[in-house]
Amino acid sequence: MTSAFAPGLASRQKLTALLAGLMAVAPLSIDLYLPGLDHMAAEFDASAEAAQATVAIYLAGLAFGQFAYGPASDRLGRRPVLILGLAVYTAASLACALAPAIGVMIGARFAQALGGCACMVIIRAVIRDCFDHQEAARFFSLLALVAGAAPVLGPLFGGFLVAASGWRIVFFLLSAFGAGLALAVFLMLPETRSEATRSRARSENPFKAYAALLKIPGFRSYLVATGMNLAAMFAYIAASSPVLSGLFALTPIEFGFAFAANAAGLVAGSQINRILLKHRRADWLLKKMGLAGAVLAGVLCMASLFGAHALWVVLACFFATTTLVGMIQGNVTAGALSVDPERAGSASALLGGASFFCGTAAAFASGALFDNTARPALLVMTACLAISAGAVFLLKNNRPGVV
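Residues numbered from 1 in each chain as written. Predicted model: local features only at pLDDT ≥ 70, side-chain atom pairs only at ≥ 80, totals over all residues. Heavy atoms only, no water.

Caption draft 1: Seen up close, the overall build of the chain. Of the regular secondary structure elements, the chain holds 16 helices and zero strands. The C-alpha radius of gyration computed for the chain amounts to 21 Å, which stays within 12% of the reference 22 Å derived for 403 residues, consistent with globular compactness. Along the first, second and third principal axes, the C-alpha set of the chain runs to 55 × 50 × 40 Å. By the burial criterion, 54% of the 403 residues in the chain qualify as buried. Of the contacts made within the chain by residues no fewer than 6 positions apart, 86% connect residues no fewer than 24 positions apart. Carbon and sulfur atoms make up 72% of the accessible area of the chain, which amounts to about 16200 Å² in all. Taken together, the 27 basic and 17 acidic charged side chains of the chain have centroids lying 11 Å from each other. (Helix = DSSP H or I, 4+ residues; strand = E, 2+ residues; numbered from the N terminus. Rg over C-alpha atoms; globule rule 2.2 N^0.38 Å. Buried < 20%, exposed > 50% of the residue type's maximum accessible area, 1.4 Å probe, protein only. Contact = heavy atoms within 4.5 Å. Areas by Shrake-Rupley, 256 points an atom, 1.4 Å probe, with all protein chains shown as cover. Lys, Arg positive; Asp, Glu negative; His and termini not counted. Charge placed at Lys NZ, Arg CZ, Asp CG, Glu CD.)

Caption draft 2: Representation of helix H6 (residues 102-130) in the model. Across its 29 residues, H6 extends 42 Å between first and last C-alpha, which sits within 8% of the 42 Å expected from 1.5 Å per residue. In H6, a bend of some 25 degrees at glycine 115 exceeds every other bend along the element. Counting buried residues along H6, 22 of its 29 residues qualify, which places the element largely inside the surrounding structure. (Expected span 1.5 Å × (residues − 1). Bend = angle between axes of the 7 residues up to and from the residue.)

Caption draft 3: Spotlight on unusual backbone geometry. Within the chain, aspartate 45 stands out as a residue other than glycine whose phi angle is a positive 55 degrees. Locating aspartate 45 in the fold gives a position in the loop between helix H3 (37-44) and helix H4 (48-76). With phi around 65 degrees, asparagine 372 is a residue other than glycine that occupies positive phi space. Looking at where asparagine 372 falls in the secondary structure, it is placed in the loop between helix H15 (344-368) and helix H16 (375-398).

Caption draft 4: Looking closely at the nonpolar core. Counting 122 residues, the largest nonpolar core has Leu19, Leu22, Met40, Met105 and Ile127 as the members making the most contacts within it. Setting aside anything within four residues of it in sequence, one finds isoleucine 127 in contact with Leu19, Ala136, Phe139, Phe140 and Leu143. (Core = buried A, V, L, I, M, F, W, Y, C linked by side-chain atoms within 4.5 Å.)

Caption draft 5: Summary view of the packing of helix H13 (residues 282-306) against helix H14 (residues 311-338). Relative orientation of the contacting elements H13 and H14 amounts to 160 degrees, with a least axis distance of 10 Å. Considered as vectors, H13 and H14 are oriented roughly antiparallel to each other. Every pair of crossing elements has a handedness; the one defined by H13 and H14 is left-handed. Here Ala282, Leu285, Leu286, Met289, Ala292, Gly293, Leu296, Leu300 and Ala303 of H13 come into contact with H14, specifically with Val313, Cys317, Ala320, Thr321, Leu324, Met327, Ile328, Asn331 and Val332. The residue makeup of the contact of H13 with H14, split by class, is 15 nonpolar, three polar and no charged. (Axes fitted to C-alpha atoms, helices over the stretch in contact; angles between N-to-C directions. Parallel < 35°, antiparallel > 145°, perpendicular 65-115°, else oblique. Left-handed = near helix turned anticlockwise from the far one by under 90°. Nonpolar A, V, L, I, M, F, W, Y, C, P; charged D, E, K, R; others polar.)

Caption draft 6: The arrangement of the pattern of salt bridges in detail. Tallied over the full model, the rule gives nine salt bridges. The partner of glutamate 43 in a salt bridge is arginine 168, with the nearest N and O atoms 2.7 Å apart. Of the two residues, glutamate 43 is situated in helix H3 and arginine 168 in helix H8 (residues 168-188); the sequence distance between them amounts to 125 residues. For arginine 78, the salt bridge goes to aspartate 74, with nearest N and O atoms at 2.8 Å. Accessibility assignment for this pair places arginine 78 and aspartate 74 in one class, buried. (Salt bridge = Lys/Arg side-chain N within 4 Å of Asp/Glu carboxyl O.)

Caption draft 7: The environment of proline 71, seen in detail. In this fold, proline 71 is placed in helix H4. C-alpha separation for the pair proline 71 and arginine 138, spaced 67 residues apart in sequence, amounts to 25 Å. Dropping the residues within four chain positions of it, proline 71 is found in contact with Pro206, Tyr210, Gly345, Ser346 and Ala349.

Put into structure tokens, the structure is as follows:
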């Protein structure tokens, strides 16, 4: 353990439940209301593009907001910064529910993301505060269950809500969810930040903390591996609809099953990793998975050249990619946060921001290069996995003790 908070069995179970709830904030804020986009556009007399902008602006807020919360949580503590973020999220969700026009809705969604992204940053920092590198990797893999389930269950549950009560009910519920989480954090979560972290944060400004982290070769390798690993999944998500629904003409139900299967692959990969961590060190596993990533990159490249016209080949490539992402992500995240534990909040912010920017770039490339085949998506995923594998390979020289 790396902080004064050493959870026993009961406390660990409560911590797991609380962090799972916090982990669900971002995906639920996107997936729950997707079935109501058309209804919202119709009510506001807005275009489909304007309705889609409420999704894009949320992702932008998630990317930018993390850079502020990380250093703030190192300096001021995890609890107060998290409660502040949840308060902003709760108020902004209520503003979304009451929005009178699409412009107000877009602004409220950005504020909602700025509040909600505190959960993403501080979850990672709290886990690093409470657990060592090995146990943190297992904990991140456990929480991946939430990340994998939300894209499947969110739109389903959201569809029932929209059908029963309209799209605004989703944001009323998200506001209540945020308020409930804030209360749970206040009552259940002790301050996990160490005194050493507080002293370090108060002696340097955020830019100095970021610069210090980026000067560490091992952290840079973890950062690239994390960002490009998730970018492969973003490229798949961006390509899934035009490729599967457009090119291969899957029905909405068939597309739903395909998307659910790939989400199941993400969950399965993370849980396989959690089991393997009982027997092997996280960095040892990461090295082997890096090799697997290099091999998969080669397979994807060959598939793009010779098999992009076959549905089963494309589906197999998508499933293999999401599964490998699930296996790798917990280990690279825990590794990055272990490089400099006294700057865990700042490191978490860099990881989150880099992941979103890499993912956005991969998704944009996948869409911009689309040529009515699956080839561009497979090639973008190939590049992402190859770069991630290269960064993992560099870790054995940049991080002492990696074997």
